[in-house]
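# Coordinate inspection notes
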Amino acid sequence: MEPKMSTELIKLDNGYALGIKIDMYNAPLILIKAHKGFIMCGYLNLETSETLGDVAAVVKNVNSFNDMLTAPVISFTSSAHKLGVKEGITGKQALELLC
């Protein structure tokens, strides 16, 4: 199987974010990075993000950038919480806070 990766510039109300998607074997690995932080799929480790001091939030069960934007945030780092990220807001709402 040929590895496949895609990127997309995502327009938000407050700026832009960069979406990165890598097709893995059973599900895609997706991350969308804004100016101050990022949202990520369940493939990536929130505990590591917390340890490193990253501003990060997690959404799950996503297969596309649009899914990431509409899915609810289920967890986040303490530094993301300080910027207003909370459980239940959409990925897009989280990214707007991170622009």
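Residues numbered from 1 in each chain as written. Predicted model: local features only at pLDDT ≥ 70, side-chain atom pairs only at ≥ 80, totals over all residues. Heavy atoms only, no water.

## Some points on the pairing of strand β3 (residues 28–33)
Counting buried residues along β3, 5 of its 6 residues qualify, which places the element largely inside the surrounding structure. Note that strand β2 (residues 15–23) and β3 share 6 bridges and pair antiparallel. Each bridged residue has a counterpart across the sheet, and for Gly19 the counterpart in β3 is Ile32. Alignment of β3 against strand β4 (residues 38–40), held across 3 bridges, turns out to be antiparallel. (Buried < 20%, exposed > 50% of the residue type's maximum accessible area, 1.4 Å probe, protein only. Helix = DSSP H or I, 4+ residues; strand = E, 2+ residues; numbered from the N terminus. Pairing = 2+ DSSP bridges.)

## A short note on the pattern of salt bridges
Under the definition given, this model contains 3 salt bridges. Of the charged contacts, one joins Asp13 and Lys92 as a salt bridge, the two residues approaching to 3.7 Å between their closest N and O atoms. You can see Asp13 sitting in the loop between β1 (5–12) and β2 and its partner Lys92 sitting in helix α4 (residues 91–97), a full 79 residues away along the chain. With relative accessibility at 65%, the residue Asp13 sits in the exposed group. The partner of Lys21 in a salt bridge is Asp23, and the shortest N-O contact between them spans 3.9 Å. (Salt bridge = Lys/Arg side-chain N within 4 Å of Asp/Glu carboxyl O.)

## Details of the environment of Lys33
Secondary-structure assignment places Lys33 in strand β3. Residue class for Lys33 comes out partly exposed when judged on its relative accessible area of 47%. Note: C-alpha distance between Lys33 and Tyr16 (17 residues apart in sequence) is 8.9 Å. Residue contacts for Lys33: discarding those within four places in its chain leaves Ala17, Leu18 and Phe38. (Contact = heavy atoms within 4.5 Å.)

## A short note on the pairing of β1
Note: β1 against β2, 8 bridges, orientation antiparallel. The partner of Lys11 across the bridge, within β2, is Tyr16.

## Some remarks on the side chain of Thr77
Relative to the helices and strands, Thr77 is located in the loop between β6 (75–76) and α3 (78–82). Exposure remark for Thr77: the relative accessible area of 1% places this residue in the buried category. At 3.3 Å, the side chain of Thr77 forms a polar contact with the side chain of Ser79. Non-local contacts of Thr77, meaning those with residues more than four positions away in its chain, are made with Leu46, Ser49, Glu50, Asp54, Val55 and Ala56. (Polar contact = N/O pair within 3.5 Å; in protein donor to acceptor, adjacent residues only side chain to side chain.)

## Side note on the sheet that holds β2
With mixed pairing, the 6 strands of this open sheet are ordered in space as β1-β2-β3-β4-β5-β6. With one partner strand each, in any of the chains shown, β1 and β6 form the two edges of the open sheet. Sheet topology note: the strand β5 (residues 56–58)/β6 ladder contains 2 bridges and is antiparallel. Counted as the bridge partner of Ala57 is Phe76 from β6.

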